[in-house]
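# Notes for the structure review
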Amino acid sequence: FSTKRPMTLKDYPKEWKQIDSLENQGLLRSALEKVDALYSRAKQEKESAQVLKALIYRCKYVSNLEENGEILSINRLREELGTADFPEKPIIQSMLGQLYQKYQDENYWRLSNRTTIADYKPDDLATWSAEQIQDESAKLYLASVEGQGLRSTPLKNFDPILLPGVNTEGLRPTLFDVLAHRAI
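Reading the values: the criteria
Residues numbered from 1 in each chain as written. Predicted model: local features only at pLDDT ≥ 70, side-chain atom pairs only at ≥ 80, totals over all residues. Heavy atoms only, no water. Helix = DSSP H or I, 4+ residues; strand = E, 2+ residues; numbered from the N terminus. Contact = heavy atoms within 4.5 Å. Areas by Shrake-Rupley, 256 points an atom, 1.4 Å probe, with all protein chains shown as cover. Expected span 1.5 Å × (residues − 1). Buried < 20%, exposed > 50% of the residue type's maximum accessible area, 1.4 Å probe, protein only. Phe/Tyr/Trp six-rings, centres within 6.5 Å; stacked < 30°, edge-to-face > 60°.

The helix and strand tally for the chain stands at 8 helices and 0 strands. Overall, the chain shows an N-to-C arrangement of helices and strands of α-α-α-α-α-α-α-α. Within the chain, contacts between residues separated by at least 24 positions form 56% of all contacts whose residues are at least 6 apart in sequence. A total of about 11300 Å² of accessible surface is found on the chain, and carbon and sulfur atoms cover 53% of it.

The structure is reproduced here in structure tokens:
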């Protein structure tokens, strides 16, 4: 018999506190390992908000740890998008749109002289023009607000990924409202 008790929903805040502590100590690789473990558990338990929070943290850590971290994060979210269902899918679309926009903003000097090529490789962001990146970002933001059920999905379910004070009570009461605000 195991004396170790099973993990519960109440354990997520405790785990995030540990992850934040590792991050504050500058131990990003260790924090990333904990995030990956938490992601696997949340995925198995079908805890959408925790899955999304783990993806957000994963993107942040990979971007800081790896040379092409932004591209790796974009590719990971594209992968997630392929298997995601509601309510995760529209949020991942919005996150991915934001990452494309951020990549374009940070690499504009490199992208500004690039022309659109007919045989660009969709999997290789290095072959995309600024216009293609901008178009993909806009397409993802728009897709994030087109899903059924967004207007009836309360934000309470997503408290773990919302910043306190950003969604003033009553201003953006549904998932649609937040995603539309991000898209604008």
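Once you've had a look at it, read on.
Let's shift gears to helix H7 (residues 130-144). Between its terminal C-alpha atoms H7 stretches 21 Å, which fits the 21 Å expected from 15 residues at 1.5 Å a residue. Taken together, the buried positions of H7 are occupied by Ala-130, Gln-132, Ile-133, Glu-136, Ser-137, Leu-140, Tyr-141 and Ser-144. Summarising the contacts, the buried residues of H7 are in contact with helix H4 (69-83), helix H5 (88-106), helix H6 (108-111) and helix H8 (175-183).

On inspection of all chains with the given rule, the structure shows 3 aromatic pairs. With centroids separated by 5.5 Å and ring planes inclined at 10 degrees, the aromatic side chains of Tyr-100 and Trp-128 adopt a geometry described as stacked. One end of the pair, Tyr-100, is in helix H5; the other, Trp-128, is in the loop between H6 and H7, with 28 residues separating them in the sequence. Neither residue differs from the other here; Tyr-100 and Trp-128 are each classed as buried. Each member of the aromatic cluster is reached from another via a ring pair, and the members are Trp-16, Tyr-57 and Tyr-61.

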